[in-house]
Amino acid sequence: MFDVRSIVRPNILTLEPYRCARDDFKTGILLDANENTHGPAIPSPDETELSLELNRYPDPHQHELKQQIIDFREAHPNKYATEKLTVENLCLGVGSDESIDMLLRCVCVPGKDKMLICPPTYGMYSICATVNDVAIEKLPLTVPDFQIDVEGILSKVSSDANIKLLYLTSPGNPTGKLINVDSIVKLLEELLKVWQGLVVVDEAYIDFTDAGSSMCTLVNQYPNLVVLQTLSKSFGLAGIRLGITYSSKELSWFLNAMKYPYNISSLTSNIALKATNQGLSVMSDYVSKITKQRDLVLEKLLSLEYVGRNIGGLDSNFILIEVLDKAGKPSNEVAKELYNTLATDNSIVVRFRGSELNCTGGLRISIGTEEENKQLIARFEAVLNDINK
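Quick caveat: nothing in here was measured; it's all calculated off a predicted structure.

## Some points on the UniProt feature "domain: Aminotransferase class I/classII large" (unreviewed entry) in the protein
Here is step 1 of the chain: Mapped onto the present numbering, the UniProt feature "domain: Aminotransferase class I/classII large" (unreviewed entry) falls at residues 29–380.
Here is step 2 of the chain: Here residues 29–380 is 37% helix and 14% strand, with 61 Å between the C-alpha atoms at its ends.

Structure follows, in structure tokens:
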């Protein structure tokens, strides 16, 4: 039987959360937190800056923001969901990267424990593991569909008790492919029988998929499930650095105890509160525009002479296409030259991804505005033809 406390590091089990000045009293003449009560050192602050009380420490718990996020996600729960989320299921961080790192520190003993990844995948998992002295095991996604090898994962974790975390990106980066929800649920259920570890599903691009695809509303049913989300992509708020971690209430307690006090700034929470309430219709409109343009851009690029397959899926705000040489073979050399020439001579910046497993000749292209996409297509074709002439 799965037990969260059996995988949380002993030092974390004994952790007592830091008590903030605002935990006890929030109103009155506040002289308890060593704040500058004169106000922020901003010449002629505007009404918004004054209303945010930037001289005060921000809300350490962010219950209002958490509840708005829950309301948004519960509007389209996963088909397997039977229990509702509560604010106790959420931990907010400075982008998802903070959560990736915090989970490693929570359950993996440095120099002993391991994590499992399924390449091609997001590069920060490996960086955070290396920083935390956690060994990395790899089991590739299946090709050409970029799905998880359920039996392979079960075999891998069953044979190595030191693997404590499995990181999955869904939709994938750089694959742009949603991992089949049924496959993840099957994996979770099987792992509960044989493994004391966590399955972390990173859903940074989830809003570009069909409603109900998110796994986040399942964390109360599967104590071995953790889901990461962000406001960076569909909400267009990469600059505020807000990440959301969904997990069982017990695990979430430890994660919230570990996080630094006041880690979500007043500026971040102010924008996030607007985005997850009045901004939902704006986000939905953005997603609609991006997905429509994504299909048009892909159709145009695939029609070009030296472009091969769409390597990845259509579940994100980007595509992953295959660049060919004169002989019609996927080529990292041509893809790199195309990438560099577009950036240096044409002011069009895409991402070379040919070095990723099973992505030879791959360029990852984010979908921009209609005008940006028109310029991309025109310059892409001209440069590629010139390279291969």
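## Comments concerning the pairing of strand β7 (residues 243–246)
Here is step 1 of the chain: Side chains of β7 alternate between two faces, with Gly243 and Thr245 and Ile244 and Tyr246 buried alike.
Here is step 2 of the chain: In the sheet, strand β1 (residues 90–93) pairs with β7 via 4 bridges, with the strands oriented antiparallel. Within the sheet, the bridge partner assigned to Leu92 lies in β7 and is Ile244.
Here is step 3 of the chain: Here 4 bridges tie strand β6 (residues 225–230) to β7, and the two strands are oriented antiparallel to one another. Each residue of the ladder has a partner; that of Thr230, found in β7, is Gly243.

## Some details on the sheet that holds strand β4 (residues 163–169)
Here is step 1 of the chain: Pairing within the open sheet is mixed, and its 7 strands lie in the order β1-β7-β6-β5-β4-β2-β3. At either margin of the open sheet sits one strand with a lone partner, and together these are β1 and β3 (135–138). Sheet twist, expressed as the average angle between the axes of neighbouring strands with direction ignored, equals 25°.
Here is step 2 of the chain: Note that strand β2 (residues 114–117) and β3 share 4 bridges and pair parallel.

## Topic: the pattern of salt bridges
Side chains that differ in charge, positive against negative, can pair when their charged atoms come close.
Here is step 1 of the chain: Per the stated rule, a full pass over the model turns up 16 salt bridges.
Here is step 2 of the chain: In this structure, Lys114 engages Asp160 in a salt bridge whose closest nitrogen and oxygen atoms are separated by 2.8 Å. Residue Lys114 is located in strand β2, and its partner Asp160 is located in the loop between α7 (150–158) and β4; the two are separated by 46 residues in the primary sequence.
Here is step 3 of the chain: Here Glu190 and Lys193 are joined by a salt bridge, their closest N and O atoms 3.3 Å apart. In this pair, Glu190 and Lys193 both sit in helix α8 (residues 181–194), 3 residues apart, roughly one turn of the helix.
Here is step 4 of the chain: For Glu190, a relative accessible area of 28% translates into the label partly exposed.
Here is step 5 of the chain: A relative accessible area of 60% means that Lys193 is categorised as exposed.
Here is step 6 of the chain: Each of the salt bridges in this network shares a partner with another, and the network as a whole consists of Lys114, Glu137, Lys156 and Asp160.

## Quick notes on the domain arrangement of the protein
Here is step 1 of the chain: Splitting the protein by domain gives domain 1 (47–276) and domain 2 (281–388).
Here is step 2 of the chain: Here the C-alpha centre of domain 2 lies 28 Å away from the C-alpha centre of domain 1.
Here is step 3 of the chain: With 22 residues of domain 1 at the contact, the number on the domain 2 side is 21 residues.
Here is step 4 of the chain: Here domain 1 and domain 2 share an interface that buries about 1700 Å² over both sides, 65% of which is from carbon and sulfur atoms.
Here is step 5 of the chain: The tally of links from domain 1 across to domain 2 stands at 0 salt bridges.

## Overview of the packing of aromatic side chains
Given two aromatic rings, their pairing is described by the distance between the two centres and the angle made by the two planes.
Here is step 1 of the chain: Counted under the stated rule, the structure contains 6 aromatic pairs.
Here is step 2 of the chain: Measuring from ring centre to ring centre gives 4.8 Å for Tyr125 and Tyr167, while their planes differ by 15°; the resulting arrangement is stacked. Linking Tyr125 in helix α6 (residues 124–131) with Tyr167 in strand β4, this pair joins segments that are 42 residues apart in sequence. Note on accessibility: Tyr125 and Tyr167 belong to one class, buried.
Here is step 3 of the chain: Judged by centre distance (5.2 Å) and plane angle (80°), the rings of Tyr205 and Phe318 are edge-to-face. Taken together, the residues span a long stretch of sequence, with Tyr205 in the loop between β5 (198–202) and β6 and Phe318 in strand β9 (residues 318–323) at a distance of 113 residues.

Analysis parameters
- Residues numbered from 1 in each chain as written.
- Predicted model: local features only at pLDDT ≥ 70, side-chain atom pairs only at ≥ 80, totals over all residues.
- Heavy atoms only, no water.
- UniProt positions renumbered as here; feature names shortened; annotations may be inferred.
- Helix = DSSP H or I, 4+ residues; strand = E, 2+ residues; numbered from the N terminus.
- Buried < 20%, exposed > 50% of the residue type's maximum accessible area, 1.4 Å probe, protein only.
- Pairing = 2+ DSSP bridges.
- Axes fitted to C-alpha atoms, helices over the stretch in contact; angles between N-to-C directions.
- Salt bridge = Lys/Arg side-chain N within 4 Å of Asp/Glu carboxyl O.
- Domains from an automatic or database assignment.
- Contact = heavy atoms within 4.5 Å.
- Buried area = accessible area lost by both parts, 1.4 Å probe.
- Phe/Tyr/Trp six-rings, centres within 6.5 Å; stacked < 30°, edge-to-face > 60°.

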